[in-house]
Amino acid sequence: MTETMRAVEITKPGGPEVLQLTDRPVPTPAHGQVVLKVAYAGVNRPDALQRAGAYDPPPGASDLPGLECSGEVVAIGDGVDSLSMGDKVCALLPGGGYAEYVATPAAHCLPVPAGMGMKEAACLPETFFTVWSNVFTRGGLKAGERFLVHGGSSGIGTTAIQLAKAFGARVFATAGSDDKCQACLELGAEKAINYRDEDFVKVMKAEGGANLILDMVGGDYIPRNVKCLAEDGRLVQIAFLQGPVVELNFAMMMVKRLTLTGSTLRPQSDLAKARIAQDLREAVWPLLDAGTVAPVMDSEFDFSQAADAHARMESSGHIGKIVMKVGG
């Protein structure tokens, strides 16, 4: 390994144009960590929030954006016996994925699924960790339940639709265009609701209400979500694209015995993320190996086009995941 590497840094808070190539020292693995030579890096909305100055990295994490990647193990820290030099993996990262090399806990790495390329594998960690921990662990989705996911054509949405369907739930999704709704249907949604034309509250009430809702919109969706939940329903909040502050009448929560919860992934402890990784290895990786579920790919950009990749994501025109090619 060389001593320096190319990386994309945030030169100052701002729009996509503040992302610039730079040279950084190659990281060394701490106890329990490995260093990966990055093949592809996933592009996610938290990266854009960090770029805009609205989402600081947790203490000890790299200041470089990038929360997931695929790559090859090229250095192994003390205390690691689960991985070997040369292993091909995908990994959830504390940060630093927009670089030729990145350090991450070995327990947050998972093998590249059978028959899957490195490009597709780079799209797995952030969305699959998020969906599994929020929909199945926190939200407790069961077979036969009615599950509503907002933003069904996003990376999170396309993953949630497939996994919920694979585990026997009835899946409903919202999206903002007919093309996006069609994509949701093709992935396994029973009904896709174009929120520009239909009221998801009316649709879900006609179905008996949602047992579980995964929401990243927030804002006025929150009281509407509460209205369309069935008795003993659960709302899991994972982002607030329309803002976190809203007026809400909590009486319905008591009357219908609702659970309102949520989480963010990045600030959780290494141990918590390792437990999610183990759950995924046991319950979800066999589905990926078999091709039962797969990441939905939107577009690929070169490492030097990080600004264009962010612009594509923030346009909200994408369906599925955006990746950057970093190495070979």
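Model, not experiment: these values are computed from the prediction.

Caption draft 1: Region of interest: the pattern of salt bridges. Applying the stated criterion across every chain, the model contains 14 salt bridges. Between E207 and R170 there is a salt bridge, with its nearest N and O atoms 2.9 Å apart. One end of the pair, E207, is in the loop between α6 (200–206) and β11 (210–215); the other, R170, is in strand β9 (residues 170–175), with 37 residues separating them in the sequence. Here E198 ties to K191 by a salt bridge, and the two come within 4.0 Å at their closest N and O atoms. Residues joined in a network through salt bridges with shared partners are E9, R24 and D63.

Caption draft 2: Expanded view of the pairing of strand β12 (residues 229–237). Along β12, seven of the nine residues are buried, which leaves the element largely enclosed by surrounding structure. Of the pairings in the sheet, the one linking β11 to β12 comprises five bridges and is parallel in character. By the bridge assignment for β12, I213 is matched with L235. Read as a crossover between parallel neighbours, the route from β11 over helix α7 (residues 221–228) to β12 is right-handed. Sheet topology places β12 next to strand β13 (residues 259–262); four bridges connect them, and they run parallel. Pairing of L235 across the sheet is with L260, part of β13.

Caption draft 3: Examining the packing of aromatic side chains more closely. According to the stated counting rule, one finds five aromatic pairs in the structure shown. Geometrically, the ring pair formed by F128 and W285 is edge-to-face, given 6.5 Å between the ring centres and 80 degrees between the ring planes. With F128 in helix α3 (residues 125–138) and W285 in helix α10 (residues 285–290), the pair connects residues that are 157 residues apart, well separated along the chain. Per residue, the accessibility class of F128 equals that of W285, and both read buried. Judged by centre distance (4.8 Å) and plane angle (20 degrees), the rings of W132 and F136 are stacked. Here W132 pairs with F136, and both are found in helix α3, just four residues apart, close to one helical turn. Each member of the pair, W132 as well as F136, carries the same accessibility label: buried.

Thresholds applied
- Residues numbered from 1 in each chain as written.
- Predicted model: local features only at pLDDT ≥ 70, side-chain atom pairs only at ≥ 80, totals over all residues.
- Heavy atoms only, no water.
- Salt bridge = Lys/Arg side-chain N within 4 Å of Asp/Glu carboxyl O.
- Helix = DSSP H or I, 4+ residues; strand = E, 2+ residues; numbered from the N terminus.
- Buried < 20%, exposed > 50% of the residue type's maximum accessible area, 1.4 Å probe, protein only.
- Pairing = 2+ DSSP bridges.
- Right-handed = clockwise from strand over helix to strand, strands pointing away.
- Phe/Tyr/Trp six-rings, centres within 6.5 Å; stacked < 30°, edge-to-face > 60°.

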